[in-house]
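Here is how the chains run, residue by residue.
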Amino acid sequence: MNEPQQKWTETIEDSHSLFDLKLKEVWRYKDLIYMFVKRDFISSFKQTILGPIWFFINPIFTTITYLIVFGRIANLPTDDAPPILFYLAGVTLWNYFSTSLIGTSSTFIGNASIFGKVYFPRLVTPLSIVLSNLMRFGVQFMLFLIAWGYYLAKGQVHPNIWVLATPFLIILMALFALGVGMIFSALTTKYKDLSMLLGFGISLYMYATPVIYPTSALRGVFKELAFYNPLTGIFECFKYAWLGVGDFSPLMLAISTFIILIILSIGVVIFNKVEKTFMDTV
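Report follows, based on the coordinates. This is a predicted model, so every value here is computed, not measured.

Describing the nonpolar core
By size, the foremost hydrophobic cluster in this structure holds 69 residues, and its most contacted members are F144 and L243. Residue assignment for this core shows that the elements contributing at least two residues are α2 (30–43), α3 (54–73), α4 (83–104), α7 (124–153), α8 (166–187), α9 (194–207), α11 (230–243) and α12 (250–274). Tallying contributions element by element places α8 first for this core, with 12 residues. The contact partners of F144, leaving out residues within four places of it in the chain, are L85, L88, A89, T92, F238, W242 and L243.

So, the packing of aromatic side chains
Throughout the structure, instances matching the rule amount to 21 aromatic pairs. Three or more aromatic residues joined by ring pairs make a cluster, and in this case those are Y96, F137, F141, F144, W148, F238 and W242. Here K239 stacks its cationic end above the ring of F86, 3.9 Å away from the centre of that ring.

Concerning the pattern of salt bridges
Once their charged atoms are close, side chains differing in charge can pair, the charge on each being opposite to the other. Applying the stated criterion across every chain, the model contains 1 salt bridge. Close ionic contact of D247 with K223 constitutes a salt bridge, the shortest N to O distance being 3.3 Å. Linking D247 in the loop between α11 and α12 with K223 in helix α10 (residues 220–227), this pair joins segments that are 24 residues apart in sequence. We classify K223 as partly exposed; its relative accessible area is 33%.

Side note on the packing of α4 against α9
Look at α4 against α9: their axes get within 11 Å of each other, and the N-to-C directions meet at 160 degrees. By the angle between their directions, the pair α4 and α9 is classed as roughly antiparallel. Crossing hand, α4 versus α9: right-handed. Of α9, the residues touching α4 (which contributes W94, F97, S98, L101 and I102) are L198, I202, Y205 and M206. Grouping the constituent residues of the contact of α4 with α9 by class yields 8 nonpolar, 1 polar and no charged.

Some remarks on the environment of A81
Within the element layout of this structure, A81 appears in the loop between α3 and α4. Classification of A81 as buried rests on a relative accessible area of 4%. Among all residues touching A81, those that are not within four sequence positions of it are F86, L243 and V245.

Looking at unusual backbone geometry
Phi at N75 is positive, roughly 60 degrees, even though this residue is not glycine. Tracing the sequence through the fold places N75 in the loop between α3 and α4. Overall, the relative accessible area of 60% leaves N75 in the exposed class. Non-glycine residue D79 carries a positive phi angle of around 55 degrees. As for its position among the elements, D79 is in the loop between α3 and α4.

What counts, and where the lines are drawn
- Residues numbered from 1 in each chain as written.
- Predicted model: local features only at pLDDT ≥ 70, side-chain atom pairs only at ≥ 80, totals over all residues.
- Heavy atoms only, no water.
- Core = buried A, V, L, I, M, F, W, Y, C linked by side-chain atoms within 4.5 Å.
- Buried < 20%, exposed > 50% of the residue type's maximum accessible area, 1.4 Å probe, protein only.
- Helix = DSSP H or I, 4+ residues; strand = E, 2+ residues; numbered from the N terminus.
- Contact = heavy atoms within 4.5 Å.
- Phe/Tyr/Trp six-rings, centres within 6.5 Å; stacked < 30°, edge-to-face > 60°.
- Lys NZ or Arg CZ within 6 Å of the ring centre and 35° of its normal.
- Salt bridge = Lys/Arg side-chain N within 4 Å of Asp/Glu carboxyl O.
- Axes fitted to C-alpha atoms, helices over the stretch in contact; angles between N-to-C directions.
- Parallel < 35°, antiparallel > 145°, perpendicular 65-115°, else oblique.
- Left-handed = near helix turned anticlockwise from the far one by under 90°.
- Nonpolar A, V, L, I, M, F, W, Y, C, P; charged D, E, K, R; others polar.

Structural data, given as structure tokens:
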């Protein structure tokens, strides 16, 4: 009598396209993503006195520092927007991008013990980091909205239809952080000192991005280079939409989108290639 043929519920293969994100497989592990997001969010408050209030303290103190150093001492322009709101907008966006990038860049190194014991789509980990930071961004964005509502009531800001593009801008930032983070997470499996270089590079990159200044303050070659910074279109669009100031143009956002998609594609290829053999080098 012939035995019934076994049917496997999961097949693990190492031969797949480097461009394959395996999104269907990732979706089947959505509960795991939720668990990782919940873990990261709760761990942020563990053994802390103020808990979620830290999410407000960070942008408030950073904004005050920028206001004193760059607004009062350096006297940088804000395109006639209220300085506090101008810096708060930049800080809110930058915090999300930088924390997401730093988190995803340590995907392989930070989770090597888990990856070596159980199988799940490796993309789950960087996605969960981006999503958990999105929750933190939501809390800080509420702070921005409170300050924005105050200046709106005073008639000092002039929002426009581009505020509807805010979700798209957040997605672009998430994809950019995800793409660059996957590239560095793959490279740090072999060159661990790149993690220190990334931290230094992010600090410098902030000054190449219109966080504390508008692009209208730039001149010559610096303005041309800023035009091709993927974050420039995002930051300028956000400030133009909510504050009604800046040199924003749809072309600027289109260039940012194009560059980000290219970087994301490169990140996917490198990430998929390294995930097969990273346990041999970590």
